[in-house]
Amino acid sequence: MLPCHIAIIMDGNGRWACARKLPRVAGHRAGMETLRTIVHHAASIGLKWLTLYAFSSENWARPVDEVQCLLSLLKLFIHDDLFELRENNVRVHVIGKRSDLAKDIVVLLEKAEKLTTENTGLNLVVAFNYGSRDEIVRAVRKIAADITAGKIRGNDITNNLLTSYLDTAHIPDPDLIIRTSGEMRLSNFLLWQAAYSEFSFVPCCWPDFSVVDFEAAIANFYARERRFGNLKYTDDIRGSLL
Ligand code: IPE
Ligand code: IPE
Ligand code: MG
C-alpha cells in the first residue's frame, strides 16, 4: 500500500547551479521542472497527499534577487499549471503565514485553492512562507484568543485541539518525509506533524531528483516497521494516534 502522505524538502537547487557555474536562480528554475515531474507522477500513481516545502519563513533572509526569483516562480507555477492541475483532479492546499505575503500572491494562492476545491485526486500541499515554529505560535495565539473570548477553556487543550488549530488541521501527518541534497535536518518543517514520520535523505540535489529516486524512497518506506511506540504496528494503533 502506498504511504498516504509524502512530504518533500526540495533542497539543493543552489548547489546544483553552482556545480554547473550557473547562477543560483537557474537551480530554482531547474527545480521547478522536477517539481512538475514529481507532482505529475504522484498523481498518476494515486498518492493521496503530497506536501512540498517551497519557501520557508527563514528564506526571507536570502539576497533580495533570490527571494524575488522564488516568489516569481511560485506565481509562474500557479499561472502556468493551475489549469492542468485542475484537469488532472489535483486539489491544491497552501500552508504557511499569508499575512506577510503581497496581496497579488495571496490572491493567487486563494484562487488555486478555490478552483481545485472539488477535486478528489492528489491533494497537493504547497508549504510557502512556512515555518513550523511560526505555525505553532500562530496556533497558540488563536487558542489564547478563543480562551479570552470564552469559546474554549484551558482544560480543553489536548493534542487534538492543538492539531486542529494548525495550518495542517485537515491534513494527515506525513508518513514519509524525503529531503534531497544530503542534508539531514528538518529546517523548521512540520515539526509537530513529523512525530512518527519515516525519513529518507537522498544525496542528489532537487533538480536531479527523478521518478526513479521517488519510487526508491517509497520502496524503502515499505521495508520499515513502524511501531508508534508500541511493540508491533497494527492499524488499530495508528487509528488511536490519529
Ligand atoms: C532549495 O534549494 C530551495 C529553497 C530553499 C527555496 P536551496 O536554494 O536551499 O539550495 P542550496 O541548499 O543552497 O543548494
Ligand atoms: C529548507 O531548505 C527550505 C526549503 C526547502 C524551502 P533550506 O536550504 O532553507 O534549509 P537550511 O538553511 O539548509 O537548513
Ligand atoms: Mg538549501
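Residues numbered from 1 in each chain as written. Chains lettered and ligands numbered in written order. Predicted model: local features only at pLDDT ≥ 70, side-chain atom pairs only at ≥ 80, totals over all residues. Heavy atoms only, no water.

## So, the overall build of the chain
Formally: Labels follow the DSSP assignment, with helices taken as runs of H or I lasting at least four residues and strands as runs of E lasting at least two, numbered in each case from the N terminus. When we talk radius of gyration, it's over C-alpha atoms, and the globule rule is simply 2.2 Å times the number of residues to the 0.38. For the exposure calls, accessible area comes from a 1.4 Å probe over protein chains only, and a residue counts as buried if that area is under 20% of its type's maximum, exposed if over 50%, partly exposed in between.
Along the backbone of the chain there are eight helices and six strands. Listed N to C, the secondary structure of the chain is β-α-α-β-α-β-α-β-α-α-β-β-α-α in terms of helices and strands. For a compact globule of 242 residues, the expected C-alpha radius of gyration is about 18 Å, and the chain comes in at 18 Å, within 12% of that figure. Once the C-alpha set of the chain is aligned to its principal axes, its extents read approximately 55 × 45 × 35 Å. Within the chain, the fraction of its 242 residues that count as buried is 47%.

## Considerations on the pairing of strand 4 (residues 123–130)
Selection rule: Whether two strands pair comes down to DSSP finding at least two bridges between them. For the handedness criterion, the strands are oriented away from the viewer, and a crossover whose path from the first strand over the helix to the second runs clockwise is classed as right-handed.
With respect to burial, strand 4 is a largely interior element, eight of its eight residues being buried. With five bridges joining them, strand 3 (residues 91–95) and strand 4 adopt parallel strand pairing. By the bridge assignment for strand 4, Val94 is matched with Val126. A crossover links strand 3 with its parallel partner strand 4, the connecting element being helix 4 (residues 103–115), and its sense is left-handed.

## A closer look at the site of ligand 2
As a reminder of what qualifies: Here a residue is near a molecule or strand as soon as one of its heavy atoms is found within 4 Å of it. Polar contacts here mean pairs of N or O atoms no more than 3.5 Å apart (in protein, one a potential hydrogen donor and the other a potential acceptor; neighbouring residues in sequence count only if both atoms are side-chain atoms). All accessible-area figures derive from a Shrake-Rupley calculation using a 1.4 Å probe, and residue coverage is judged against the displayed protein chains alone.
All residues in the neighbourhood of ligand 2 are listed as Ile9, Met10, Asp11, Tyr53, Ala54, Phe55, Ser56, Asn59, Arg62, Arg179, Arg185 and Ser187. Side-chain polar atom of Asn59 to an oxygen atom of ligand 2: 3.0 Å apart, as the coordinates give it. At 3.4 Å from an oxygen atom of ligand 2 is found a side-chain nitrogen or oxygen belonging to Arg179. Here ligand 2 has 390 Å² of accessible area as a free molecule, and 78% of this is covered by the chains.

## Remarks on the site of ligand 1
Which entries qualify depends on this criterion: Note on residue classes: Ala, Val, Leu, Ile, Met, Phe, Trp, Tyr, Cys and Pro are nonpolar, Asp, Glu, Lys and Arg are charged, and everything else, Gly too, is polar.
Around ligand 1, 13 residues are found, and the nearest of them are Asp11, Gly14, Arg15, Arg24 and Arg62. Backbone polar atom of Gly12 to an oxygen atom of ligand 1: 3.3 Å apart, as the coordinates give it. In the model, an oxygen atom of ligand 1 is placed 2.7 Å from a nitrogen or oxygen of the Arg62 side chain. Every element with two or more residues in the shell around ligand 1 is listed here: helix 1 (13–19), helix 2 (24–44) and helix 3 (64–87). Looking at the shell around ligand 1, the element that brings in the most residues is helix 1, giving three residues. Within the shell around ligand 1, the residues separate by chemical class into three nonpolar, five polar and five charged.

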